[in-house]
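As a plain string of letters, each chain reads:
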Amino acid sequence: MKSVYDVHQLLKQFGTIVYVGDRLADLELMEEELKEIYRAQLIDVKEFQVALLILRQEIEKEKEKRKNG
């Protein structure tokens, strides 16, 4: 798993499609959905950590973009 797209595909495997229309809101909602899938023990800890790291990095990038733009 290397990108937000990969995380999106992971969530899709569990029937979760996230599109709000606001990139930051999408990423935050994806993070919440990922946590729910992990709590339900549907993915292992390594997969969860990698996906969470990707999402948090993208969230920070988006926040910086909004702050500077």
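Sequence order sets the numbering: in each chain, residues are counted from 1 along the sequence as written. Totals for whole chains, interfaces and linings use every residue, but because this is a predicted model, local features are given only for residues with pLDDT of at least 70 and side-chain atom pairs only at 80 or more, for both listing and counting. Side-chain numbers come from the whole structure's heavy atoms, not from hydrogens or water.

Caption draft 1: Region of the structure containing the nonpolar core. Here, nonpolar core refers to any group of buried Ala, Val, Leu, Ile, Met, Phe, Trp, Tyr and Cys residues whose side-chain atoms link them within 4.5 Å. With a 1.4 Å probe rolled over the protein chains alone, any residue whose accessible area is under 20% of its type maximum counts as buried; one over 50% counts as exposed, and the rest are partly exposed. In terms of nonpolar packing, the biggest core is built from 17 residues, with Val7, Leu11, Met30, Leu34, Ile43 and Leu55 touching the most fellow members. Taken together, the elements giving at least two residues each to this core come down to helix 1 (4-13), helix 2 (23-39) and helix 3 (45-68). In this description a helix means any DSSP run of H or I spanning at least four residues, a strand means any run of E spanning at least two, and both kinds are numbered starting from the N terminus. By residue number, the principal contributor to this core is helix 3, which donates 6 residues. Whether two residues are in contact is decided by their heavy atoms, any of which lying within 4.5 Å being enough. Sequence-distant contacts of Ile43, defined by excluding residues within four places in its chain, comprise Leu10, Phe14, Leu34, Ile37, Tyr38 and Phe48.

Caption draft 2: The arrangement of the packing of aromatic side chains in detail. Classification of ring pairs uses Phe, Tyr and Trp, with its six-membered ring standing for Trp, and accepts pairs whose centres are within 6.5 Å; under 30 degrees between planes counts as stacked, over 60 as edge-to-face, and the remaining range as tilted. Taken as a whole, this structure holds 1 aromatic pair when the rule is applied. With centroids separated by 4.2 Å and ring planes inclined at 10°, the aromatic side chains of Tyr38 and Phe48 adopt a geometry described as stacked. Here Phe48 lies in helix 3 and Tyr38 lies in helix 2, a separation of 10 residues in the sequence. Look at Tyr38 and you get partly exposed, because its relative accessible area is 30%. Assessed through its relative accessible area of 12%, Phe48 is described here as buried.

Caption draft 3: The arrangement of the environment of Lys63 in detail. For Lys63, the location among the structural elements is in helix 3. Sequence-wise, Lys63 and Val50 are 13 residues apart; in three dimensions their C-alpha atoms are separated by 20 Å. In this view, Lys63 contacts Leu24 and Glu28; residues no more than four positions away in its chain are not counted.

Caption draft 4: A look at the environment of Leu24. Note on placement: Leu24 falls in helix 2. Judged by relative accessible area, which is 12%, Leu24 ranks as buried. A sequence separation of 34 residues divides Leu24 from Glu58, and the C-alpha atoms of the two residues are 8.5 Å apart. If we ignore the near neighbours within four places in the chain, the residues touching Leu24 are Ile59, Glu62, Lys63 and Arg66.

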